[in-house]
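Descriptive structure summary
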Amino acid sequence: MVSQAVLSRAERSLTVEERTEVALDLHGLHADEAVASLGAFLMALERERFAGLAFVVIGQAKHSGASDPDRGAAAGKLRLEQACSEFLSDQGWPWQMFHGILTVDTLR
């Protein structure tokens, strides 16, 4: 999740009503870690009644070996994109994928 230290003063002073976009970087995590983080992130947004878009960076698996079907399948692990998109669909979150970034509509 985005650290408060990273946010500028102007961004920190925005109210929930003023925020329209948030981001979460899952790039580099294992699928199970990413899904757990994504779930916690979206539930926190739901608790604060956030009404905007959540951008979830997962990358394009160009350097992970996951794009090699033998390596990915042999390890028995879901690729990050597949694990996150299945989680979102199973939980009823509307989403779209754009170049390694999942865009999630938090109003479900």
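Given the structure is predicted, the values throughout are model-derived calculations rather than measurements.

This brings us to the nonpolar core. In this structure, Leu26, Leu38, Leu42, Cys84 and Leu88 are the most contacted members of the largest nonpolar core, which totals 19 residues. Contributions of two or more residues to this core are made by strand S1 (21–25), helix H2 (31–47), strand S2 (53–57), helix H4 (80–91) and strand S4 (101–105). It is H2 that provides the largest number of residues to this core, a total of 5 residues. Excluding its chain neighbours within four sequence positions, the residues that come into contact with Leu42 are Ala54, Phe87, Leu88, Trp93 and Val104.

Along its 12 residues, H4 runs 16 Å from first to last C-alpha, staying within 8% of the 16 Å computed at 1.5 Å per residue. Of all the residues in H4, the buried ones are Leu80, Ala83, Cys84, Ser85, Phe87 and Leu88. Where H4 is buried, its residues meet H2, strand S3 (95–98) and S4.

Below, the discussion takes up the side chain of Thr106. Along the chain, Thr106 turns up in the segment after S4. Residue Thr106 is classed as buried on the basis of its relative accessible area, which comes to 9%. Separated by 3.2 Å, the side chain of Thr106 and the backbone oxygen of Phe50 make a polar contact. Separated by 2.8 Å, the side chain of Thr106 and the backbone oxygen of Gly52 make a polar contact.

The mixed open sheet is built from 4 strands, whose spatial order is S1-S2-S4-S3. The sheet terminates laterally at S1 and S3, the two strands that pair on one side only. Sheet twist, expressed as the average angle between the axes of neighbouring strands with direction ignored, equals 20°. Here S1 pairs with S2 via 5 bridges, running parallel. By the bridge assignment for S2, Val22 is matched with Ala54. Contacting S1, S2 and S4, H2 runs over the sheet at an angle of about 160° to S1. Across the sheet, H4 touches S3 and S4, and the angle it forms with S3 is around 160°.

How each quantity is defined
Residues numbered from 1 in each chain as written. Predicted model: local features only at pLDDT ≥ 70, side-chain atom pairs only at ≥ 80, totals over all residues. Heavy atoms only, no water. Core = buried A, V, L, I, M, F, W, Y, C linked by side-chain atoms within 4.5 Å. Buried < 20%, exposed > 50% of the residue type's maximum accessible area, 1.4 Å probe, protein only. Helix = DSSP H or I, 4+ residues; strand = E, 2+ residues; numbered from the N terminus. Contact = heavy atoms within 4.5 Å. Expected span 1.5 Å × (residues − 1). Polar contact = N/O pair within 3.5 Å; in protein donor to acceptor, adjacent residues only side chain to side chain. Pairing = 2+ DSSP bridges. Axes fitted to C-alpha atoms, helices over the stretch in contact; angles between N-to-C directions.

Nothing here speaks to function; it is geometry throughout.
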